[in-house]
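# Per-entry structural report
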Amino acid sequence: MAEFLVGPRLYSCWNCRNHVSLHDDIISKAFQGKNGRAFLFSHAMNVVLGTKEDRNLLTGLHTVADIYCGDCREILGWKYERAYEASQKYKEGKFILEKCKIVKENW
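The sections below set out a description of the structure shown in this document. (Residues numbered from 1 in each chain as written. Predicted model: local features only at pLDDT ≥ 70, side-chain atom pairs only at ≥ 80, totals over all residues. Heavy atoms only, no water.)

## Examining the overall build of the chain
Rule in force here: Put simply, DSSP H or I for four residues or longer makes a helix, DSSP E for two residues or longer makes a strand, and each gets a number counted from the N terminus. The buried label applies to any residue whose accessible area, calculated with a 1.4 Å probe on protein chains only, is under 20% of its type's maximum; exposed applies above 50%, and partly exposed to all values in between. When checking whether two residues touch, look at their non-hydrogen atoms; a contact exists if any pair is within 4.5 Å. Accessible surface area values rest on a Shrake-Rupley calculation with a 1.4 Å probe, where residue burial reflects the displayed protein chains alone.
In terms of helices and strands, the chain carries zero helices and nine strands. Each helix and strand of the chain, placed in order from N terminus to C terminus, yields the pattern β-β-β-β-β-β-β-β-β. When its C-alpha atoms are laid out on the principal axes, the chain stretches across 55 × 25 × 20 Å. Looking at the chain as a whole, 40% of its 107 residues qualify as buried. Here the contacts in the chain between residues at least 6 apart in sequence split such that 47% fall between residues at least 24 apart. Here the chain has roughly 6,400 Å² of accessible surface; of this, 50% comes from carbon and sulfur atoms.

## A few points about the sheet that holds strand S1 (residues 10-13)
To be explicit about the condition: A strand pair is defined by DSSP finding two or more bridges across the two strands. Here, axes are lines fitted to C-alpha atoms. For helices the fit covers the stretch in contact, and angles between N-to-C directions go from 0 to 180 degrees.
What the three strands build is an open sheet, ordered S2-S1-S9; its pairing is antiparallel. Two strands bound the open sheet, and with one partner strand each, they are strand S2 (19-22) and strand S9 (102-105). Direction aside, the axes of adjacent strands within the sheet are offset by 35 degrees on average. Sheet analysis places S1 next to S9, joined by four bridges and oriented antiparallel. In the strand pairing of S9, Tyr-11 is matched with Lys-104.

## Thoughts on the pairing of strand S3 (residues 26-33)
Alignment of S3 against strand S4 (residues 36-41), held across five bridges, turns out to be antiparallel. Within S4, the position partnered with Phe-31 by the bridge is Ala-38. In sequence, S3 turns back onto S4 through a hairpin of two residues.

## Looking at the side chain of Glu-98
Keep this limit in mind: All tallies of charge rest on Lys and Arg as positive and Asp and Glu as negative; His and the ends of each chain are not included. Should a side-chain nitrogen of Lys or Arg be within 4 Å of a carboxyl oxygen of Asp or Glu, the pair is scored as a salt bridge.
With respect to the helices, strands and loops of the structure, Glu-98 is situated in strand S8 (residues 95-98). Of the side chains bearing the opposite charge, Lys-34 lies closest to the buried Glu-98, which forms no salt bridge; the N-O distance is 6.0 Å. Here Glu-98 is in contact with Gly-33, Lys-34, Asn-35, Gly-36, Arg-37, Ala-38, Leu-76, Gly-77 and Trp-78, once residues within four sequence places are set aside.

## Quick word on the sheet that holds strand S6 (residues 60-69)
Strand-to-strand pairing in sheets goes through backbone hydrogen bonds, with the strands running parallel or antiparallel. A sheet is described by the order of its strands in space; here six strands give the open sequence S3-S4-S8-S7-S6-S5, paired in antiparallel fashion. Single-partner strands in this sheet number two, and they are S3 and strand S5 (47-57). Averaged over all pairs of adjacent strands, the angle between their axes in this sheet comes to 30 degrees, without regard to strand direction.

## Examining the pairing of S2
Bridge analysis of S1 against S2 gives three bridges, and the strand direction is antiparallel. Considered in S2, the bridge of Ser-12 is made with His-19. From the end of S1 to the start of S2, which pair antiparallel, there are five residues, and Arg-17 there has a positive phi angle of about 70 degrees.

Following this line, the structure appears as structure tokens:
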């Protein structure tokens, strides 16, 4: 019987299948993006950061930078650069990936 090597469970860009995060890096699935449900990740890979800007989000004012797929430049979500509310500081340096912009790989 052949043995199969199974790699880590990944999330990829829905458009080009570029790997953008590991399933193990999910902090929460209870976030809201621009286009619906979103996941909070501790890390992202193969993404490009856009310009930092202040945005008034559901949980208050944050400085964020949009994140784009490193291959096809599809917008995937954003990175929290700064949270102004003390209760939101845990988001700093974390990434939002919108569920509709990513697909599962190696599941």
